[in-house]
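Given next are the chains, with one letter for each unit.
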Amino acid sequence: VTCNNSTGHVHELHLQNPDAESGWLPYFGYEKSGLSGKINPSLLVLKRLSHLDLSYNNFKGLQIPDFISSLTHLQVLDLSKAGFEGLIPQQLGNLSSLVSLRLKGRDDYTSTLRVQDLQWLSNLRLLKHLDLSFVNLSNASNWVEKVNMVGSIEELYLSGCYLDSHTSLLTNNNFTSISTLDLSHNNFEPSLPRWILSITTLDSLSLSQIGISGPIPFGLRNMSNLQNLDLSSNLLDSSIPKWVGNFSSLISLDLSNNQLNGSLPESLGH
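Residues numbered from 1 in each chain as written. Predicted model: local features only at pLDDT ≥ 70, side-chain atom pairs only at ≥ 80, totals over all residues. Heavy atoms only, no water.

*Asks:* Explain the environment of Lys 128 to me, using residue names and the numbers behind them.
*Replies:* As for its placement among the helices and strands, Lys 128 is situated in the loop between β5 (100-102) and β6 (129-131). Assessed through its relative accessible area of 39%, Lys 128 is described here as partly exposed. Once you skip the residues sitting within four places of it in the chain, Lys 128 turns out to touch Val 99, Ser 152, Ile 153, Glu 154 and Glu 155. (Helix = DSSP H or I, 4+ residues; strand = E, 2+ residues; numbered from the N terminus. Buried < 20%, exposed > 50% of the residue type's maximum accessible area, 1.4 Å probe, protein only. Contact = heavy atoms within 4.5 Å.)

*Asks:* Lay out the side chain of Asp 78 with the relevant residues and their values.
*Replies:* Examined against the element boundaries, Asp 78 turns out to sit in strand β4 (residues 76-78). One buried charge, Asp 78, has no salt-bridge partner; the nearest side chain with opposite charge is Arg 102, at 4.3 Å. With near-sequence residues (within four places) excluded, Asp 78 lies in contact with Leu 52, Asp 53, Leu 54, Ser 55 and Arg 102. (Lys, Arg positive; Asp, Glu negative; His and termini not counted. Salt bridge = Lys/Arg side-chain N within 4 Å of Asp/Glu carboxyl O.)

*Asks:* Provide a residue-level description of a nonpolar patch on the surface, including the pertinent values.
*Replies:* A cluster of nonpolar residues, Leu 253, Leu 264 and Leu 268, forms a patch on the protein surface that exposes about 270 Å² of accessible area. For Leu 253, the location among the structural elements is in strand β13 (residues 252-254). (Patch = residues over 30% accessible without salt bridge, like charges linked within 9 Å, V, L, I, M, F, W, Y side chains within 5 Å. Areas by Shrake-Rupley, 256 points an atom, 1.4 Å probe, with all protein chains shown as cover.)

*Asks:* Would you mind going over the packing of aromatic side chains in detail, with residue names and values included?
*Replies:* According to the stated counting rule, one finds five aromatic pairs in the structure shown. Pairing Phe 175 with Trp 195 gives two aromatic rings, centres 5.7 Å apart and planes at 35°, and the pair type is tilted. With a gap of 20 residues between them, Phe 175 in the loop between β7 (155-157) and β8 (180-182) and Trp 195 in helix α4 (residues 194-197) connect regions that are remote in the sequence. Exposure class is identical for Phe 175 and Trp 195. Each is buried. Counting every residue linked through ring pairs, the aromatic cluster contains Trp 143, Phe 175 and Trp 195. (Phe/Tyr/Trp six-rings, centres within 6.5 Å; stacked < 30°, edge-to-face > 60°.)

*Asks:* Got a sec to walk through the environment of Asn 228? Specific residues and values, please.
*Replies:* Within the element layout of this structure, Asn 228 appears in strand β11 (residues 228-230). Residue Asn 228 is classed as partly exposed on the basis of its relative accessible area, which comes to 30%. Sequence spacing of Asn 228 and Phe 247 is 19 residues, and the spatial spacing of their C-alpha atoms is 9.9 Å. With residues near it in sequence (within four places) discarded, Asn 228 still touches Asp 203, Ser 204, Leu 205, Leu 250, Ile 251 and Ser 252.

Written out as structure tokens, the structure is:
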């Protein structure tokens with residue numbers, strides 16, 4: 001609990017399940033520890049609350065309460081893997097001061113967290129970090145257009161969101177600040193949407209297990225700032241191109257579990 005020394009107002013509540021940091025959760029599950037039960041609306045008494053972290057707890061299938069949208073001073077909201085299920089309330093769009101929004105569902109595909117429409121994101125003009133991994137976005141039409149409206153986003157995590165090429169058409173790329181993009185565990189077969197290849201500001205790109213095939217996409221060579229590139233577990237079946245060696249800032253490269261062939265280019269030594 002963090003308070004303002006001058007006013008005494010509570011500014012931050014860090015109530016993450018402590019076992020999340022110890023690494024116990026994958027073995028013992030959410031049921032063995034952490035907060036559960038209904039969240040009391042008396043939380044609204046904390047009118048100056050700017051940071052609320054309830055991640056990795058076990059709220060046993062409850063919906064994210066609508067009243068959280070009344071905490072209008074929130075800058076950070078983290079409800080990741082906290083056992084919430086059902087429809088994510090669009091009222092979260094009222095939290096116009098948000099800089100970071102983390103709503104990640106359980107990554108074992110048992111999560112029923114879902115979104116019908118992402119239009120409410122357009123109100124979050126200050127948002128820099130958005131994590132909707134393992135939230136079902138299959139019914140969120142034009143999801144990429146809606147996310148694209150938030151021009152301030154720097155980190156975007158949409159792993160395991162049931163996305164495909166048919167729902168990812170983008171006419172005007174507004175991703176001018178984004179540095180991290182994770183679209184892994186979706187289905188973009190057979191090839192990458194063009195808008196991804198038009199983002200040249202990325203330093204981290206995760207496209208693991210998205211169903212793409214053929215050669216390593218040529219358009220990636222324009223992403224000169226890349227430090228981390230993950231194309232693992234796809235159906236890529238060409239040789240590794242020489243231009244991969246031009247990524248002078250690259251720290252991590254994962255091409256495993258594909259059908260690549262031929263000789264390793266000497267340019268990898270660069």
